[in-house]
Amino acid sequence: MLSAELRDQLRSLLGPDGYLDAPSQRLSYESDSLSLVRHSPDVVLLPKDTREAALAMQALARAGVPIVPRGAGTGLSGGATPVPGAVSLVTTRMRRILRIDADQRIAHVQAGVINVELTRAAAPFGLFYAPDPSSQMACTLGGNFAENSGGPHGFKYGQTARHIRGARWINPRGEIVDWLDPVVDPEGLDVLSLLVGSEGMLGIVTEILVDLLPIPEASETLLALFDSLPNACESVTALIASGLRPSAIEILDQLTIQAVEASVFRAGYPQEAQAVMLLDLDGTAGEVEELRAALVTILREHGAFQTQHATDPEQRKRLWAGRKGAYGAMGRLAPDLYVADVVAPRTRLAEIVGLASEICAELDLPLANVFHAGDGNLHPNISYDRRDPEQVRRVLLAGERIMQACVERGGTLTGEHGVGLEKRDAMCSLYSDEELAVHALVREAIDPGHRMNPGKLLPVRGCREARTRSPYLPGMPEYDVEVRESTP
Ligand SMILES: Cc1cc2nc3c(=O)[nH]c(=O)nc-3n(C[C@H](O)[C@H](O)[C@H](O)COP(=O)(O)OP(=O)(O)OC[C@H]3O[C@@H](n4cnc5c(N)ncnc54)[C@H](O)[C@@H]3O)c2cc1C
């Protein structure tokens, strides 16, 4: 519990908009988008800039209080979910785009800027910000930084890490550290890269310097229809082998198509298709034309029974609205959605998608697939009702088995949603003790008190127990946290 004195100090530092402690105010911070685990934070802090965040963190460090960083809370692995005894430090009031430098093609932003707002602001300069998570209408650039987020166009442009040029970061002691100089190859250890994807475990990033790219001369969207999901997956394997480089390759299966077409995100996907593939192509007009011809040939050879392309911006937006709104549309199927996030080798997509479907059929759970096929990043989505403990048990079991199927076939635990609380113990299935010890040493050096986002990312009590139980068991039910004594 926070002392009355510390509460007063934080309240006067951050003002009424930056300090929330009434139960009704804390309600919406109880979980991230993994709604299975919830815990009310003692206090929610919303600093408006780096200075306020640093002063608050210094006060919390002196009192030894753990901190859970949070952006928009769209994370799907419980990363921003509060833990007992911790305060939530939220960046959503840090929403200013501080500078767009069109000559250097960089932008300097506060961490709470919403992803899509940066691309909108860069458009008049003929520039765009490439990482585009499907949650881009809501998620923050700080959250993207902390999760090394991807998105449909990650296939060509890479995940967030490829676009980060600098950051202003507050360490667990509340000290501000600047890496805001946009040099390409700074001297010394590449500490910035260590912070990207560290899931709030090493401190809080409050400002970010990112690369912007020129908007391509021409772009279009290709829609391919398949009479089976395995055929669609096989054609991705063939596309990868061909070396062709569309900017996005996404797949939606039948159940997803039905949910989308019945919703406000209706995109006009033909409902007779068992799967649709959405591809984006960009470059010069000539390159796009040539690429389309080559892609259509491969897709047809591998079972696409129809292809159509859209160049009109409104038509393209509509096709993509279906993909980006797919999770929202699944709200029609059940009150809750478990979004699994695993990576399969791109030569084994059809096999692993098939296994996920068998696992869910066996456990009597509905499965809808919508995924970043070009990256092998699968999202088997299971609709359920968390008020029914028996359903929850089966959902967790399905998640565990799907993870296991992927890892045992050369894939990995997460493509973009992070480890968080959910996959913390499953790290034992992927890494050896020695490898995990390196992770732990890095944390130990930066946060010896384990006060930053405790209980997330790294197994709390070592792997021996997790490995005997089941190395893949999602970490949610345990929910244990270990915070140590440390002097600021
Ligand atoms: C509908 C939907 C679609 C999605 N699609 C994608 C997708 O295509 N690609 C993808 O990668 N993800 C996707 N996600 C997951 C999620 O949107 C991303 O992980 C996103 O980056 C989270 O951003 P956020 O601002 O919501 O962060 P939060 O959920 O608030 O936090 C995420 C993690 O980052 C930490 N964190 C947040 N801000 C900071 C900060 N300033 N400093 C340090 N640590 C911080 C938190 O502690 C937590 O561990 C999707 C989620 C939803 C709900």
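Positions within a chain are numbered from 1, following the residues in the order the chain's sequence is written. With pLDDT at 70 or above as the cut-off, local features in this predicted model cover only qualifying residues; side-chain atom pairs require 80 or more to be listed or tallied, and sums for whole chains, interfaces and linings still use all residues.

K.L.:
Residues and numbers for the sheet that holds strand E12 (residues 218–226), please.
P.N.:
Here the rule is simple: two strands pair whenever DSSP picks up at least two bridges between them. Secondary structure elements are defined from DSSP: runs of H or I of at least 4 residues count as helices, runs of E of at least 2 residues count as strands, and each element is numbered from the N terminus. Sheet architecture is open: seven strands sit in the order E15-E12-E14-E13-E18-E20-E16, paired in antiparallel fashion. Only two strands of the sheet have a single partner each, and these edge strands are strand E15 (304–310) and strand E16 (336–339). On average, adjacent strands in this sheet sit at an angle of 20° to one another, irrespective of strand direction. Relative to strand E18 (residues 367–371), strand E13 (residues 248–253) runs antiparallel, the two sharing two bridges. Within the sheet, the bridge partner assigned to Leu252 lies in E18 and is Val370. Residue pairs qualify as contacts under a 7 Å threshold applied to their C-beta atoms, which are placed from the backbone. Helix axes are fitted to C-alpha atoms over the stretch in contact, other axes to C-alpha atoms as well, and angles between N-to-C directions run from 0 to 180 degrees. Here helix H14 (residues 389–408) sits on the sheet and contacts E16 and strand E20 (380–384); the angle it forms with E20, its principal contact strand, is near 175°.

K.L.:
Describe helix H4 (residues 115–122), listing the residues and the values that go with them.
P.N.:
Every α-helix winds through 3.6 residues per turn, so residues three or four apart in the chain are directed the same way. Residue burial here comes from a neighbour count, namely the number of other C-beta atoms, placed from the backbone, that lie within 10 Å of the residue's own C-beta, with 20 or more meaning buried, 12 or fewer meaning exposed, and in between meaning partly exposed. Among all positions of H4, only Asn115, Leu118 and Ala122 are buried. Each buried residue of H4 sits inside an arc of 65° when the element is viewed along its axis, so together they form one side. It is the directions from the helix axis to the C-beta atoms whose arc is reported.

K.L.:
So what's going on with the pairing of strand E8 (residues 164–170)? Residues and values would help.
P.N.:
Burial analysis of E8 places six of its seven residues in the buried class, which makes it a mostly covered element. The sheet contact formed by E8 and strand E10 (residues 204–211) spans six bridges and is antiparallel. Bridging from a neighbouring strand, Ala167 pairs with Ile208 of E10. As judged from the four bridges shared by E8 and strand E9 (residues 176–179), these two strands associate in the antiparallel manner. What sits directly across from Ile170, in E9, is Ile176. Taking the residues between adjacent antiparallel strands as the criterion, E8 and E9 are bridged by five residues, where Gly174 takes a positive phi near 90°.

K.L.:
How would you summarise the nonpolar core if you had to cite specific residues and measurements?
P.N.:
One nonpolar core equals one set of buried Ala, Val, Leu, Ile, Met, Phe, Trp, Tyr and Cys residues connected by C-beta atoms within 7 Å. If you look at the biggest cluster of nonpolar residues, it comprises 127 residues, and the most contacted ones within it are Leu45, Ile208, Val276 and Met277. In this structure, Ile208 is in contact with Val109, Ala111, Leu141, Gly142, Phe145, Ile164 and Ala167, ignoring residues within four places of it in sequence. Ranked by size, the runner-up nonpolar core spans five residues in total, among them Leu36, Val37, Leu76 and Leu421.

K.L.:
Requested: an account of the domain arrangement of the chain, with residues and values cited.
P.N.:
Segment limits for the domains were obtained from an automatic or database-derived domain assignment. Domain assignment breaks the chain into domain 1 (4–90), domain 2 (97–214) and domain 3 (218–328). Between domain 2 and domain 3, the C-alpha centre-to-centre distance is 28 Å. Opposite the six residues of domain 2 that make contact, domain 3 presents nine residues. In this classification, the charged set is Asp, Glu, Lys and Arg, the nonpolar set is Ala, Val, Leu, Ile, Met, Phe, Trp, Tyr, Cys and Pro, and all remaining amino acids, among them Gly, are polar. The class makeup of the residues in the side of domain 2 that touches domain 3 is three nonpolar, two polar and one charged.

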